[in-house]
Structures are given as structure tokens and as C-alpha cells.
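Chains, contacts and geometry: an overview
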Amino acid sequence: MTTDTHKPMDPMSDAPAVGDEAATSPTRSERLSALAQQHGALVTLIVAVCAASLSFDTFLTTDNLGNMAVSSAFLAVVALGMTFVIITGGIDLSVGSLFALGGVLAAWGSRYGSAVALLLPLAVCALIGLVNGLLIARSRLAPFIVTLAAMLGARGILLAVTDEGSKTYLVDKDSFFAQLGQGELLGVGVPVWITLALFVAGAVVLRRSRFGQYVYAVGGNEDAAALMGAPVARTKIAVYTLSGLCAGLAGALNAAWLVSGVTILGSGMELEAISAVVIGGTLLTGGFGFISGSLVGVLLLKVIQNVINQIGSLDSAYQQVVSGAFLAVVVIAQTWLGRRRRVL
């Protein structure tokens, strides 16, 4: 099986497109490069957790780990949708605004029942994602421009719903919807269980379904995927709709956790989600990536942020500096590993 990450996947099978006989047996160096690219973030996460545990007595406490897990859940759900988009070779800059919009719509809708609080943000954010996908796939507009416009548009809708941000809608603490954010199951927050279930489902879809093969094929080589009969346009529309849906769901869960729709949230979340996905091993050029890697990337970012907070003497701005520097190192490493695998 060829290890060129940019070759399209055959949508009719679980294997990459057939290559020459010599390419069916990857060399030891190729396998090591692939393992480093796939599991490097996990190794780094383990090292960071061990170092933090030895340095700070409060790091492994139940309260700290619980808060870190719940706060990671919202970013992880956004990163899940972003993973599908980036594997196709696209980008979605609207997820931060959709996250905030989803939270406000959920809090506003909670006045009419838990069903409205949950379904309204999902429907609206998925619709915006659908429009993004249609413009990108059918009109062949640049994803960067389309999703940037959606980011501004979603933020405008949020301001209209909240009277320029002057209104903050509250969620009834005793409602079923609030329990989705504040409830616990076996001592673990409900948002964490929801996130884990979504990631398991996402991994199955991406690695075991025909749609997942189409996602890899479109990201690997769009023209070749079209020649193989893959529905390129429908696949792009689907991943952007999924991204909007995930952002809306994350916003709704966050509103349930905070029992309010906070208008200032979501700023910069799109960059955090992209960083987590790339750190997890997904290539920005498309055609190669892992659902599990994105979850590891989210956890690694949260551990770094938590360590900086534990230090106490460092300003919170250092979180952005460290995250940006770490992302740069990861991208450089990915580029080097990708070139090495193609050369070998």
C-alpha cells in the first residue's frame, strides 16, 4: 500500500488506489515517519501530563481534571467538524461565531422548552454551514472568503438577537437542557460523555464508511476523485454542514453549562480548533488525518493552558504565545515527515 498521503482513496474500497508492486511494502523508515506523524502529539501529551503532575500538586486533583475535561469538550466538538473540513483540503473560519451564536440561540430557545433550546442552534448553524458548502462546492468560491463572510454574518445575527449584546438570556437551572451541561454520569460531566460518543461515531464514519473514503479522496486529489466517480460537490457540502452542526452543538452545550448565552464567547475559537486538528496530525493540505488525533490536540492545548495557569506568575497572553510556537513546530515537523515519506 502506497504511503503517499496525497494520493486519493478508492471510494469503493478501504484501501488506497492501486500502485505498483514495489509500493505495497512500506520501508521501516516510512513506517517510523508515519507513526511519528500519527502519534507524535499523543507522546507529547503524555510527557506534558507527567511533567505537570510532578511539578504541580493540584494538577491531578479531581476538580482540576474535571474542569479541564468539561472545558475541553466544547472545543473538541468544534474540532471534530473541523477535522472533516481540513481533510478535504478546506478551512472553516466561521465556527467561532457559530459557537457563540449557537449558545445565544440555545439560551433564547430555552424559554420555550429544552427541545427548542437544543434543536434551534443545531438547525440554524447547520443551515449556515450548508450555505458555506453550497457556495464553495457549487460556485467554486474560496473557502477562506466564504467562511470569513459567514463568520461576520453569524456574529451579526448574534448581535441582532441580543440587541447589540445588551441582553443575556438565561437558562433555567432545573431544566433538562441545563443538565446536559451541568449534569454528571459516573462522576464525569455529561458534555464529556457526549463528546466521546461523537468522536467514536466520527472515527467510524471517517475510517469505515464510504463517505469517509470520499472525504479522503477529495482531499487527496479532487480531480482524481471526480474521475473515480466520487461525489466531490456533495462531499464538500456535507463536511461544511457537519462543521456548522458541530459548532452549534458545542455552543448549545456551553450555554447549558454556563446556564446563559454569553455573547463574547467564541472569539478566536476557529484558530484554536484549526490548531488542535493540525497538532493532532491532520495535514492542512488535505487527504490525511485522524479523528483521534484531533482529540489529542485539544487535550494538549488545554494541558498547556492549564500549566500556564498553574504557574500563576505568567500572563494569560503566554497561552497564545506557547500555542502559536507549538503549532509552528508541529507544522514544520509534519512538512518534514511528509517530504521524507515521499522521498523514501
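In short, a report on the structure. (Residues numbered from 1 in each chain as written. Predicted model: local features only at pLDDT ≥ 70, side-chain atom pairs only at ≥ 80, totals over all residues. Heavy atoms only, no water.)

**What to know about the overall build of the protein**
On a plain count of helices and strands, the protein comes out with 13 helices and 2 strands. Considering only residue pairs separated by 6 or more positions, the protein has 75% of its internal contacts joining residues 24 or more positions apart. A total accessible area of about 15900 Å² is found for the protein, and carbon and sulfur atoms account for 65% of it. (Helix = DSSP H or I, 4+ residues; strand = E, 2+ residues; numbered from the N terminus. Contact = heavy atoms within 4.5 Å. Areas by Shrake-Rupley, 256 points an atom, 1.4 Å probe, with all protein chains shown as cover.)

**Regarding helix H3 (residues 95-109)**
Between its first and last C-alpha, H3 extends 20 Å over 15 residues, near the 21 Å set by a 1.5 Å rise per residue. For H3, a buried count of 14 out of 15 residues is recorded, marking the element as mostly surrounded by other parts of the structure. (Expected span 1.5 Å × (residues − 1). Buried < 20%, exposed > 50% of the residue type's maximum accessible area, 1.4 Å probe, protein only.)

**Quick look at the packing of aromatic side chains**
One pass over the structure, following the stated rule, counts 4 aromatic pairs. Aromatic side chains Phe288 and Phe290 sit 5.0 Å apart centroid to centroid with 80° between the ring planes, which places their arrangement in the edge-to-face category. Of the residues examined, Phe288 reaches a relative accessible area of 13% and is grouped as buried. According to the relative accessible area criterion, Phe290 is buried, its value standing at 9%. (Phe/Tyr/Trp six-rings, centres within 6.5 Å; stacked < 30°, edge-to-face > 60°.)

**Concerning unusual backbone geometry**
Residue Leu186 is not a glycine yet carries a positive backbone phi of 60°. Within the element layout of this structure, Leu186 appears in the loop between strand S1 (184-185) and strand S2 (188-189). Given a relative accessible area of 76%, Leu186 falls into the exposed group. At Val259, a position not held by glycine, the phi torsion is positive, near 50°. Tracing the chain through its elements places Val259 in the loop between helix H10 (232-258) and helix H11 (269-279). On the basis of relative accessibility, which here comes to 12%, the residue Val259 falls in the buried class.

**Side note on the pattern of salt bridges**
In the structure shown here, the tally under the stated rule is 3 salt bridges. Of the charged contacts in the structure, one is a salt bridge between Lys167 and Asp163, with a shortest N-O distance of 3.3 Å. Asp163 sits in the partly exposed class, given a relative accessible area of 40%. In this structure, the salt-bridge partner of Lys236 is Glu222, at a minimum N-O distance of 2.9 Å. (Salt bridge = Lys/Arg side-chain N within 4 Å of Asp/Glu carboxyl O.)

**Describing the side chain of Lys302**
Secondary-structure assignment places Lys302 in helix H12 (residues 291-311). Put simply, Lys302 is tucked away with no salt bridge, and the nearest opposite charge, on Glu272, sits 4.7 Å away. For Lys302, the contacting residues outside a window of four places in its chain are Met68, Ser71, Ser72 and Leu75. (Lys, Arg positive; Asp, Glu negative; His and termini not counted.)

**Comments concerning a nonpolar patch on the surface**
On the surface, Leu127, Leu130, Val131, Leu134, Leu135 and Leu141 cluster together to form a nonpolar patch covering roughly 460 Å² of accessible area. Note that Val131 resides in helix H4 (residues 114-137). (Patch = residues over 30% accessible without salt bridge, like charges linked within 9 Å, V, L, I, M, F, W, Y side chains within 5 Å.)

**Description of H10**
The terminal C-alpha atoms of H10 lie 39 Å apart, and with 27 residues this matches the ideal 39 Å at 1.5 Å per residue to within 8%. Judged by how many residues are buried, H10 sits mostly within the fold: 20 of 27 residues are covered. Within two residues after H10, Val259 carries a phi angle of roughly 50°, on the positive side.

**Here's the deal with the environment of Ala150**
Mapped onto the secondary structure, Ala150 falls in helix H5 (residues 143-161). By relative accessible area, which is 11% here, Ala150 ends up buried. Residues Ala150 and Asp92 lie 58 residues apart in sequence; the distance between their C-alpha atoms is 9.2 Å.

**Examining the packing of helix H2 (residues 62-87) against H11**
Any two packed helices are characterised by the angle at which their axes cross and by the distance between the axes. Contact geometry for H2 and H11: axes closest at 9 Å, N-to-C directions at 65°. It follows from the interaxial angle that H2 and H11 lie roughly perpendicular. Handedness of the crossing formed by H2 with H11: right-handed. Contacts from Leu75, Val78, Ala79, Met82, Thr83 and Ile86 in H2 reach Met269, Glu270, Glu272, Ala273, Ile274 and Val277 in H11. (Axes fitted to C-alpha atoms, helices over the stretch in contact; angles between N-to-C directions. Parallel < 35°, antiparallel > 145°, perpendicular 65-115°, else oblique. Left-handed = near helix turned anticlockwise from the far one by under 90°.)

**Re the nonpolar core**
Val78, Met82, Phe84, Phe177, Leu206 and Ile274 are the most contacted members of the largest nonpolar core, which has 76 residues in total. Ignoring anything within four residues of it in the chain, the contact list for Ile274 reads Met82, Ile86, Ile91, Leu93 and Leu284. Of all hydrophobic cores here, the second largest spans 6 residues; its members include Tyr214, Ala217, Ala225 and Ala230. (Core = buried A, V, L, I, M, F, W, Y, C linked by side-chain atoms within 4.5 Å.)

**Looking at the environment of Gly90**
The topology assignment puts Gly90 in the loop between H2 and H3. A relative accessible area of 10% places Gly90 in the buried class. Counting along the chain gives 46 residues from Gly90 to Ile136, while the straight-line C-alpha distance between them is 9.3 Å. Contacts of Gly90, omitting those with residues within four sequence positions, involve Val85, Pro143 and Tyr240.

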